[in-house]
Amino acid sequence: MVVAEASSRAVATPPVEAEGLPAPPPETREALLDRVTELYAIQGRPCKACQVLLQYCKANDLKPDSLHPDLKARDMPDADGLAKVVQGVTDGLEDLASDEGWQLVRDDELRLLYKAVPKCNVHCFRARCILDAPTEHLVALAREVDLCPTWNKYCTSAHVLKEASPTDVTVYMSLYVPWPFNDVGFVVEANGADLYEEEGRLIIAFASPDSKDSGVELPAGAEKHRKVKLQRPSCMSFTPLPPKTPGGPQRTLCHVQTYVNPGISVPAFIISFVLKVLSPFVYAAVQKVLASAFKSPAGPLPSRLKQREVLYGLVQRRTEAYLARQQEQQQQQDQTP
């Protein structure tokens, strides 16, 4: 079962009971469901939600599938669905941990890598950079995907097809690439995860649905696009960094990797276009939009920050708390003889 596989890989730390203190009273089923829903749908912590659910099932000798009706009633994924989200997140983290097997294409302010997996017809692109921007702004750029065509000229369309929660969305995008592809289109299911406590970062795992029957209707014009698939462990991660100088802007270390199955053989010049034209352009476009688009409160992105204040306010507070903990730990290390 997916649950069994993901439970052993979930990024989570088991609770530690304090010595000499009585064990807390058993959690009721209703309280457990409230807590899992809060962790998953409000806090954006699917790994912690999965851990809590599986611990409850183990303690009460229950099969996770038995909670399916209760979870469905709360518009939550069932145990297998939750574990699948966790697996996508952990797969991304594990893959980002090493550059072994990747070809270094560029290594300056933008580190760019590429690898091919011929037996699967998959092309893999990985980028790494540090941006002078608060983490919630990077999350907004990724989350407000329908605004992408306003700042990325190679993005010809972008639509949010389904919102399961503020951090779980299904989207459709199309991008311009040269002949013989022209516009390519793809559906992506994206899941965000707050892993500040476990890994010191936020992560968004994304991939195309496993089947054609994804439960969403494609937008008008999608039939004109050549369809490609994005595969696991595609993801992006955001690690907050302190300012270069006291009082300066917060910085964010960003990783983005995409595993693409184009469905047909890809000419070498298309790969060259992605590496030498598209990727550097997107990097420059992201820098430009971060430097200007958030200055006017009436702008599209600041308006979305207000519209989704619960999400972006939470990201901001969690980021500030994480950086404060990091600073405190650094000060303690500095004071240690």
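Predicted model, so just to flag it, every value in this text is computed and none were measured. (Residues numbered from 1 in each chain as written. Predicted model: local features only at pLDDT ≥ 70, side-chain atom pairs only at ≥ 80, totals over all residues. Heavy atoms only, no water.)

Asker: Explain the layout of surface pockets here, please?
Answerer: Take a probe with the size of a water molecule and roll it over the atoms, and the empty space left behind shows itself. Of the pockets and cavities examined, the largest pocket occupies roughly 690 Å³. In terms of lining residues, the largest pocket is bounded by 29 residues, among which K84, V85, T170, E189 and N191 are the most central. The dominant element in the lining of the largest pocket, judged by the number of residues it contributes, is strand β9 (residues 229-241), at 4 residues. Looking at the lining of the largest pocket, its residues break down into 13 nonpolar, 7 polar and 9 charged. Formed jointly, the lining of the largest pocket draws a minimum of three residues from each of two domains, domain 1 (29-76) and domain 2 (103-324). (1 Å grid on protein atoms, 1.4 Å probe; cavity = no way out; pocket = protein on both sides within 12 Å on 5 of 7 lines; lining within 4 Å. Points joined across faces, edges and corners; volume = space filled by probe spheres on them. Helix = DSSP H or I, 4+ residues; strand = E, 2+ residues; numbered from the N terminus. Nonpolar A, V, L, I, M, F, W, Y, C, P; charged D, E, K, R; others polar. Domains from an automatic or database assignment.)

Asker: Would you explain the side chain of H225 in this entry?
Answerer: With respect to the helices and strands, the residue H225 is situated in the loop between β7 (201-207) and β8 (226-227). Non-local contacts of H225, meaning those with residues more than four positions away in its chain, are made with S157, Y172, S174, D183, V184 and G185. (Contact = heavy atoms within 4.5 Å.)

Asker: Any chance you could explain the domain arrangement of the chain here in plain terms?
Answerer: Interface size is commonly expressed as the accessible surface area that is lost when the partners come together. Domain boundaries assigned for the chain yield domain 1 (29-76) and domain 2 (103-324). Each of domain 1 and domain 2 was reduced to a C-alpha centroid, and the two centroids are 29 Å apart. Counting residues at the interface gives 9 residues for domain 1 and 13 residues for domain 2. Here domain 1 meets domain 2 over a buried area of about 770 Å², counting both sides, of which 49% is carbon and sulfur. Remark: the boundary between domain 1 and domain 2 carries 2 salt bridges. In this structure, R45 and E198 form a salt bridge, with 3.9 Å as the shortest nitrogen-oxygen distance. (Buried area = accessible area lost by both parts, 1.4 Å probe. Salt bridge = Lys/Arg side-chain N within 4 Å of Asp/Glu carboxyl O.)

Asker: I'm lost on the pairing of strand β4 (residues 155-165) in this one. Help?
Answerer: The two faces of the sheet receive side chains in turn, since in a regular strand these alternate between them. Here β4 runs beside strand β5 (residues 168-177); their pairing, made up of 8 bridges, is antiparallel. Bridge pairing links A158 to M173 in β5. The turn joining β4 and β5, which pair antiparallel and follow one another in sequence, is formed by 2 residues. (Pairing = 2+ DSSP bridges.)

Asker: Sorry, what's going on with helix α7 (residues 268-292) here?
Answerer: Along an α-helix, a turn takes 3.6 residues, which lines up residues three or four apart on a common side. With 25 residues, α7 ought to run about 36 Å at 1.5 Å a step, and its terminal C-alpha atoms sit 35 Å apart, in line with that. At V274, α7 shows its maximal bend, which comes to roughly 35 degrees. (Expected span 1.5 Å × (residues − 1). Bend = angle between axes of the 7 residues up to and from the residue.)

Asker: Any chance you could explain helix α9 (residues 309-335) here in plain terms?
Answerer: In this model, α9 (27 residues) spans 38 Å end to end at C-alpha, consistent with the 39 Å of a helix rising 1.5 Å per residue. Every buried residue belonging to α9 is among L311, Y312, G313, L314, V315, R318, T319, Y322 and L323, and all of these are buried. Turning to α9, the residues buried within the fold contact α2 (29-42), α6 (135-143), β6 (182-195), β7, β9 and α8 (300-307). (Buried < 20%, exposed > 50% of the residue type's maximum accessible area, 1.4 Å probe, protein only.)

Asker: For this particular structure, what's the right way to read the environment of R35?
Answerer: Inspection of the secondary structure puts R35 in helix α2. Spatially, the C-alpha atom of R35 lies 27 Å from that of A142, the residues being 107 residues apart in sequence. In contact with R35, other than residues within four places in its own chain, are E27 and V52.

Asker: It is not clear to me how the nonpolar core should be interpreted in this structure. Could you clarify?
Answerer: In summary, soluble globular proteins display a tendency toward joint burial of nonpolar side chains. By size, the foremost hydrophobic cluster in this structure holds 58 residues, and its most contacted members are L131, M173 and L290. In terms of residues, this core owes the most to one element, α7, which gives 11 residues. Setting aside residues no more than four positions away along its own chain, L290 makes contact with L131, A133, H137, L138 and L141. By size, the runner-up hydrophobic cluster in this structure holds 29 residues, among which are Y56, V85, V89 and L96. (Core = buried A, V, L, I, M, F, W, Y, C linked by side-chain atoms within 4.5 Å.)

Asker: Is there a simple way to explain unusual backbone geometry in this structure?
Answerer: Peptide bonds are trans in most cases, and residues, glycine excluded, mostly fall at negative phi. The peptide bond linking R232 to P233 adopts the cis configuration, its omega dihedral lying at 10 degrees. Mapped onto the secondary structure, P233 falls in strand β9. Unlike most non-glycine residues, D75 shows phi in positive territory, near 60 degrees. Positionally, D75 belongs in the loop between α4 (68-73) and α5 (79-96). Of note in the backbone geometry, N121 takes a positive phi value of approximately 55 degrees without being a glycine. Along the chain, N121 falls in the loop between β2 (110-117) and β3 (122-131).

Asker: Would you explain the packing of aromatic side chains in this entry?
Answerer: The way to describe two aromatic rings as a pair is by their centre distance and the angle between their planes. In total, this model carries 7 aromatic pairs according to the counting rule given. Measuring from ring centre to ring centre gives 6.3 Å for Y154 and Y176, while their planes differ by 20 degrees; the resulting arrangement is stacked. Here the residue Y154 occupies a position in the loop between α6 and β4, and Y176 occupies one in strand β5, the gap between them amounting to 22 residues. What makes Y154 buried here is its relative accessible area of 12%. The exposure class assigned to Y176 is partly exposed, which follows from its relative accessible area of 35%. Between Y196 and Y322, the ring centres sit 5.1 Å apart and the planes meet at 10 degrees, which makes this aromatic pair stacked. (Phe/Tyr/Trp six-rings, centres within 6.5 Å; stacked < 30°, edge-to-face > 60°.)

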